[in-house]
Amino acid sequence: MSKIVVVGGGAVGLFTAWYLQKKGADVTVIERTDMTDGCSYGNAGLIVPSHVIPFASPEMLRKGLKNMFKASSPVAARMFPSADLIHWYMRFLGAATNEHVEKSIPILKDLSLLSKSLYEDLKKSGDLDFPFWQKGLLMLYKSEKVGEELRHEAEIARKAGLNVSNLSAADVHKLEPDTLPLVSGGVHYHSDDHLNPAALMQSLQKALPKLGVKILTGCEVTDILTEGVKATAVVTSKGTIPFDEIVVSAGMWSLPVLKKLQVRVPVQPGKGYSFKVEAKAPIHYPALLSDANVAVTPLGNGLTQFGGGMEVGFGDMKIRHPRVQQVIKAVGEFYPTQTGMSIGDSEIWQGHRPCSFDGLPFIGKLKAYSNVFVGTGHSMMGVTLAPATGLLLSELIGGEKTSLDLNPFRIER
Ligand SMILES: Cc1cc2nc3c(=O)[nH]c(=O)nc-3n(C[C@H](O)[C@H](O)[C@H](O)COP(=O)(O)OP(=O)(O)OC[C@H]3O[C@@H](n4cnc5c(N)ncnc54)[C@H](O)[C@@H]3O)c2cc1C
């Protein structure tokens with residue numbers, strides 16, 4: 001039985017361990033934290049086949065350049081970038097073209113629909129126990145200019161085969177009668193789902209050891225040993241662990257981990273914030289408040305999570321309050337019942353999205369090594385794409401035909 005080490009116990013690492021172990025491998029997950037609070041825990045929990053347009057697009061470039069140095073804008077970029085961030089910016093600029101967007105739409109759609117169907121199977125099987133809601137996703141707008149952009153994107157998604165409805169303000173009020181959002185209209189992506197990400201991660205942590213997966217927490221990988229084209233063992237804070245194959249799924253930290261093998265994967269942190277409140281009036285549907293890039297996730301029993309912010313290149317844990325205030329302000333403007341929220345620092349969660357330069361994840365084997373596999377760079381869609389990534393890596397490592405073509409996700413692209 002093949003002995004496989006998975007570096008990183010986020011959503012991608014745990015789903016990779018899940019599918020590998022199901023195929024009979026002997027899997028050890030190595031995670032440096034206690035697995036209670038990483039990027040996979042406090043995100044918005046939206047499963048988003050709707051997000052067919054990659055992060056690297058002319059539209060994102062335009063918005064980013066306009067707003068990136070404003071303290072209260074939803075998107076920010078680091079003023080004094082490191083060499084790795086400059087490399088990432090250059091690759092991002094090269095990728096943000098209409099041609100790349102056109103090519104990526106079917107690729108992202110197929111990957112996220114594969115993941116959605118895996119989530120549905122997992123729920124049906126009862127193997128994992130986490131709340132999963134199938135109500136679609138509302139993209140809401142106030143300004144007519146944003147409405148125009150949303151209708152244009154909805155048309156692209158419809159052409160790609162997704163079920164999308166345009167909504168008037170009255171349609172939105174019918175769906176949200178208790179909060180009567182102050183909107184001009186919206187778009188309802190019926191393809192999307194949502195879940196409680198912390199509950200998903202806890203359920204995986206509970207179920208994996210029962211399958212036979214070993215999870216080593218508080219254990220940091222500090223080096224990877226090699227012999228020729230083979231990696232042989234990881235050096236960790238708790239000793240050296242040999243393996244037959246290794247999967248690096250360390251989120252934004254995949255960059256330093258892979259540097260141990262002289263590989264520079266263009267991944268940078270995209271930091272965001274979220275907080276949970278007991279909603280003053282029930283919000284029934286998950287939503288993106290598109291004018292402000294704020295995500296709204298109802299988690300059941302009145303508990304609602306709000307989140308936003310995309311600080312590219314910020315790998316620290318400092319809370320930038322204007323960004324959090326921007327979320328609070330936008331929520332009050334869209335949902336009058338929620339105006340005046342006061343959120344203390346201890347209630348603010350922050351996470352670092354592992355952003356690839358082109359908005360497509362890295363899923364595959366390193367060219368230079370016969371047994372090093374990578375699953376990272378899922379940006380704003382890591383929870384959405386984690387099951388599909390895990391399944392595809394397990395097929396690749398098992399020498400099977402993969403469910404999707406992995407060429408668009410190759411590491412050295
Ligand atoms: C505000 C916000 C909202 C979001 N909303 C959504 C959403 O609605 N839908 C969606 O699909 N995605 C969303 N995302 C993105 C999603 O959270 C990420 O893409 C996803 O969690 C990344 O998972 P991962 O497993 O790749 O990385 P991580 O969750 O970061 O896991 C990587 C793990 O590797 C560990 N590690 C790193 N280095 C080492 C080492 N040397 N040794 C051992 N362990 C190591 C880390 O401690 C970490 O636990 C959101 C993100 C943010 C910030």
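It should be noted that the structure appears before, not after, this text.
Chains are numbered independently. Their residues run from 1 in the order of the written sequence. For this predicted model, a pLDDT threshold of at least 70 governs which residues receive local features, and a threshold of 80 or more governs which side-chain atom pairs are given and counted, while totals over whole chains, interfaces and linings are taken from all residues.

J.: Looking at this structure, how should I read the overall build of the chain?
T.: Within the chain, the secondary structure is distributed over 10 helices and 21 strands. Taking 22 Å as the expected radius of gyration for a compact globule of 413 residues, we find that the chain reaches 21 Å, a close match to that expectation. The principal-axis extent of the C-alpha atoms belonging to the chain is close to 65 × 45 × 45 Å. Backbone-placed C-beta atoms define the burial measure: a residue is buried with 20 or more other C-beta atoms within 10 Å of its own, exposed with 12 or fewer, and partly exposed in between. Here the chain holds 413 residues, and the buried ones make up 51% of them. What counts as a contact is two residues whose backbone-derived C-beta atoms lie within 7 Å of each other. Across the chain, every contact between residues at least 6 apart in sequence was considered, and the portion connecting residues at least 24 apart equals 75%. Counting from the N terminus, the helices are DSSP H or I runs at least four residues long and the strands are E runs at least two residues long. A radius of gyration in this sense is built from C-alpha atoms; the matching globule rule multiplies 2.2 Å by the number of residues raised to 0.38.

J.: In this structure, what is going on with the nonpolar core? I would like to understand it.
T.: The nonpolar side chains of a soluble globular protein tend to be buried, and buried together. Take the buried Ala, Val, Leu, Ile, Met, Phe, Trp, Tyr and Cys residues, join any whose C-beta atoms are within 7 Å, and the set you get is a nonpolar core. Counting 118 residues, the largest nonpolar core has Val7 and Ile246 as the members making the most contacts within it. With residues up to four places along the chain from it excluded, the contact list for Ile246 reads Val5, Val7, Ile224, Ala231, Val234, Asn371, Val372 and Phe373.

J.: When you look at the pairing of strand S14 (residues 245-248) in this model, what are you seeing that I'm missing?
T.: Going residue by residue along S14, you find Glu245 and Val247 tucked away on one face and Ile246 and Val248 tucked away on the opposite face as well. By this definition, two strands are paired if DSSP reports at least two bridges between them. As defined by bridge partners, strand S1 (residues 3-7) adjoins S14 across four bridges and the pair is classed as parallel. In the sheet register, Val7 faces S14, and the bridge partner there is Val248. Taken together, the three bridges between S14 and strand S21 (residues 372-376) define a ladder with parallel strand orientation. Residue pairing for S21: Val247 is matched across the bridge by Phe373.

J.: So what exactly am I meant to see when it comes to the packing of helix H1 (residues 11-22) against helix H7 (residues 197-211) here?
T.: When two helices pack together, you describe them by how their axes are tilted relative to each other and by the distance separating the axes. Relative orientation of the contacting elements H1 and H7 amounts to 30 degrees, with a least axis distance of 10 Å. Taken together, the axes of H1 and H7 are roughly parallel relative to one another. Taken as a pair, H1 and H7 cross one another with a handedness that is left-handed. Residues Ala11, Leu14, Ala17, Trp18 and Gln21 of H1 form the contact with H7, whose own contacting residues are Met201, Leu204, Leu208 and Leu211. Gly counts as polar in this scheme, as do all residues outside two lists: the nonpolar Ala, Val, Leu, Ile, Met, Phe, Trp, Tyr, Cys and Pro, and the charged Asp, Glu, Lys and Arg. Of the residues belonging to the contact of H1 with H7, the class tally is eight nonpolar, one polar and no charged. Between the N-to-C directions of two axes lies an angle of 0 to 180 degrees, each axis being a line fitted to C-alpha atoms and, for a helix, fitted only over the stretch in contact. In this scheme, roughly parallel covers angles under 35 degrees and roughly antiparallel covers those over 145, while 65 to 115 is roughly perpendicular and the rest are oblique. Left-handed describes a crossing whose near helix is turned anticlockwise from the far helix by less than a right angle; the clockwise case is right-handed.

J.: I would appreciate a short explanation of the site of the ligand in the present structure.
T.: Placing a C-beta atom from the backbone of each residue, we mark the residue near a molecule or strand if the atom is within 6 Å of it. Around the ligand, the surrounding shell holds 40 residues, and the nearest of these are Gly8, Gly10, Gly251, Gly272 and Gly382. If you list the elements that add at least two residues to the shell around the ligand, you get H1, strand S15 (267-278), strand S19 (349-356) and helix H10 (382-397). The residue makeup of the shell around the ligand, split by class, is 17 nonpolar, 19 polar and four charged.

J.: I'm lost on unusual backbone geometry in this one. Help?
T.: What you tend to see is this: most non-glycine residues have negative phi, and most peptide bonds are trans. You will see that Leu180, though not glycine, has its phi angle at about 40 degrees, which is positive. In this structure, Leu180 sits in the loop between helix H6 (169-175) and strand S8 (185-189). Of note in this structure, Asn301 is not a glycine but carries a positive phi near 55 degrees. With respect to the element layout, Asn301 can be found in the loop between strand S17 (294-298) and strand S18 (303-312). Taking the C-beta count within 10 Å as the criterion, Asn301 has 9 such neighbours and is therefore assigned exposed.

J.: Please explain the sheet that holds strand S3 (residues 46-47) as it appears in this structure.
T.: For sheets, the rule is that strands pair by backbone hydrogen bonds, running either parallel or antiparallel. Taken in spatial order, the three strands make up an open sheet running S3-S9-S5, and their pairing is antiparallel. In this open sheet, the two strands that pair with only one neighbour each are S3 and strand S5 (132-133). Alignment of S3 against strand S9 (residues 193-195), held across two bridges, turns out to be antiparallel. Counterpart to Ile47 in the pairing with S9 is Asp193.

J.: I'm lost on the environment of Ile241 in this one. Help?
T.: Among the secondary structure elements, Ile241 is positioned in strand S13 (residues 239-242). Not counting residues up to four positions away in its chain, the partners in contact with Ile241 are Val5, Thr28, Ala233, Val234 and Thr236.

J.: Where do I start with the environment of Ile156 in this structure?
T.: Relative to the helices and strands, Ile156 resides in helix H5 (residues 144-159). Measuring from C-alpha to C-alpha, the distance between Ile156 and Met79 comes to 34 Å, with 77 residues separating the pair along the chain. In contact with Ile156, not counting residues within four places along its chain, are Val52, Ile53 and Ile105.

J.: Explain the sheet that holds strand S11 (residues 221-227) here, please?
T.: A sheet is described by the order of its strands in space; here three strands give the open sequence S11-S12-S13, paired in antiparallel fashion. At either margin of the open sheet sits one strand with a lone partner, and together these are S11 and S13. Strand-to-strand twist across the sheet, computed as the mean angle between neighbouring axes with direction ignored, equals 25 degrees. As paired strands, strand S12 (residues 230-236) and S13 are joined by four bridges and run antiparallel to one another.

J.: Could you clarify how one ought to interpret H10 in this entry?
T.: Side chains three or four residues apart in an α-helix point the same way, a direct result of the helix having 3.6 residues per turn. Bend is the name given here to the angle between axes fitted to two runs of seven residues, the run ending at a residue and the run starting at it. Of all the bends in H10, the greatest, near 25 degrees, is centred on Ala388. At the C-terminal side of H10, Gly399 shows a positive phi close to 75 degrees.

J.: How should I be thinking about the pairing of S18 in this particular structure?
T.: Every regular strand shows the same layout, with side chains that alternate between the two sheet faces. Among the 10 residues of S18, nine are classified as buried, and the element is accordingly described as predominantly covered. In this sheet, S18 lies alongside strand S4 (residues 75-77) in parallel orientation, the contact comprising three bridges. Following the sheet pairing, Val75 is matched in S18 by Met310. Here eight bridges tie S15 to S18, and the two strands are oriented antiparallel to one another. The residue of S18 that forms the bridge with Glu278 is Leu303. Pairing analysis gives five bridges linking S17 to S18, with the strands arranged antiparallel. Counted as the bridge partner of Pro298 is Thr304 from S18. Linkage of S17 to S18, two consecutive antiparallel strands, is achieved through a turn of four residues, within which Gly300 is found at a positive phi near 95 degrees.

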